[in-house]
Amino acid sequence: MRKHLAIDEEMKAKWPDTRVGCLQYRVKVGEKSEELWSYLKKDIFKKTKDDIFDYGVTDIPNIKESRAAYRAFGKDPSRYRVSSEALIRRIGQGKGLYQVNTVVDVNNLISIRSGFSVGSYDAARIGEELTFRIGREGETYKGIGKDQVNIEHLPVLADEAGAVGSSTSDSERAMITEEAQEVLTLIYSFSPGDELERALEYGKEYLEKYAGASDVESWIAG
């Protein structure tokens, strides 16, 4: 069943351009797509380095707007970086990317190409009703590969059990492992214009081509 995602009114009031692109699909998670990594190294890393040269990291389109939204929500984007910025900085520093699995690797590809933060969640481990909202005072969760992450004032994804992800660092609860059979991939946009629509289009293509996604549903919340 397709998840339902609503954007909290307080978040929309503080940043009216907030929208979330949603991709829900069936998948058999694999270890690695050699074709994907060849594409990343041959095309995407070069484009990313060109973007850094042209703009500087913090002024890359969609990263710039995301950082401004963080400030509006009360979070310092230099201390709590948007995940797309963190990925692009790694490439600029010549560190490359971590290889995780086919879904997470495509997740990162979409984020790097678009400049939007992207999160992927095991649909079986999150509720049917989801809210994108601002993190509450004192709110934390256990991050992937991290201890407790301070998500106060961050843009967070939550269900009835609490926060499960953010546009900076996701929680362990719904992380993608090879056990996942249905996945919800979210593209977090704080930008005007139609770039989110375009990211959804090529995101769907990437997921089908490199992760073997099927029965893909695509929609925008906001």
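Residues numbered from 1 in each chain as written. Predicted model: local features only at pLDDT ≥ 70, side-chain atom pairs only at ≥ 80, totals over all residues. Heavy atoms only, no water.

With five of its five residues buried, strand β7 (residues 155-159) lies for the most part within the structure. Note: strand β4 (residues 129-134) against β7, four bridges, orientation antiparallel. Across the sheet, residue Ile-134 finds its bridge partner in β7, namely Pro-155. Of the pairings in the sheet, the one linking β7 to strand β8 (residues 162-166) comprises four bridges and is antiparallel in character. Looking at β8, one finds that Ala-158 is bridged to Ala-163. What sits between β7 and β8 in their antiparallel hairpin is a turn of two residues. (Buried < 20%, exposed > 50% of the residue type's maximum accessible area, 1.4 Å probe, protein only. Helix = DSSP H or I, 4+ residues; strand = E, 2+ residues; numbered from the N terminus. Pairing = 2+ DSSP bridges.)

The next thing to look at is the sheet that holds strand β3 (residues 117-122). Taking strand neighbours across the sheet as the criterion, the four strands line up as β3-β9-β2-β10 in an open arrangement whose pairing is antiparallel. Looking at the sheet topology across the chains shown, the edges are occupied by β3 and β10 (214-221). Strand-to-strand, the axes of this sheet are offset by a mean angle of 15°, without reference to chain direction. Here strand β2 (residues 19-26) pairs with β10 via six bridges, running antiparallel. Within the sheet, the bridge partner assigned to Gln-24 lies in β10 and is Glu-217. Each of β2, β3 and β9 (182-189) is contacted by helix α5 (residues 102-114), which is oriented at about 160° to β3, the strand it contacts most. (Axes fitted to C-alpha atoms, helices over the stretch in contact; angles between N-to-C directions. Contact = heavy atoms within 4.5 Å.)

Let us now look at the environment of Asn-150. Relative to the helices and strands, Asn-150 is located in strand β6 (residues 148-150). Residue class for Asn-150 comes out partly exposed when judged on its relative accessible area of 29%. Each C-alpha atom, one on Asn-150 and one on Thr-140, is 4.8 Å from the other, the two residues being 10 residues apart in sequence. Filtering out sequence-adjacent residues up to four positions away, Asn-150 remains in contact with Lys-75, Tyr-80, Glu-139 and Thr-140. Looking at Asn-150, its side chain comes within polar contact range of the main-chain nitrogen of Glu-152, at 3.1 Å. (Polar contact = N/O pair within 3.5 Å; in protein donor to acceptor, adjacent residues only side chain to side chain.)

With that out of the way, let us pick up the side chain of Glu-152. Note that Glu-152 resides in the loop between β6 and β7. Although Glu-152 is buried, it makes no salt bridge; Lys-75 carries the closest opposite charge, 6.1 Å away. Those residues in contact with Glu-152 that lie beyond four places of it in its chain are Lys-75, Gly-135, Arg-136, Glu-137, Gly-138 and Glu-139. (Lys, Arg positive; Asp, Glu negative; His and termini not counted. Salt bridge = Lys/Arg side-chain N within 4 Å of Asp/Glu carboxyl O.)

Here Ser-166 is to be found in strand β8. Looking at Ser-166, its side chain comes within polar contact range of the main-chain nitrogen of Ser-169, at 3.0 Å. Contact partners of Ser-166, with chain neighbours within four places excluded, come to Tyr-121, Tyr-141, Leu-154, Pro-155, Val-156 and Tyr-188.

So, on to the packing of aromatic side chains. Evaluated as defined, the whole model comprises seven aromatic pairs. Ring centres 5.9 Å apart and planes at 65° place the aromatic pair Phe-73 and Phe-190 in the edge-to-face group. Here Phe-73, found in helix α3 (residues 63-73), pairs with Phe-190, found in the loop between β9 and α6 (195-211); they are 117 residues apart in sequence, far enough to count as distant. No difference in accessibility class separates Phe-73 from Phe-190, as the two residues are buried. (Phe/Tyr/Trp six-rings, centres within 6.5 Å; stacked < 30°, edge-to-face > 60°.)

On inspection of all chains with the given rule, the structure shows 17 salt bridges. Among the salt bridges present, the one from Glu-85 reaches Arg-89, with a minimum N-O distance of 2.9 Å. Placement of both Glu-85 and Arg-89 in helix α4 (residues 83-92) is noted, with a separation of four residues, approximately one turn of the helix. Taking the relative accessible area as the measure of exposure, Arg-89 reaches 23% and is therefore partly exposed. Between Lys-142 and Glu-172 there is a salt bridge, and its shortest N-O distance comes to 3.4 Å. Note that Lys-142 is positioned in strand β5 (residues 140-142) and Glu-172 in the loop between β8 and β9, a separation of 30 residues in sequence. Each of the salt bridges in this network shares a partner with another, and the network as a whole consists of Arg-67, Arg-81, Glu-85 and Arg-89.

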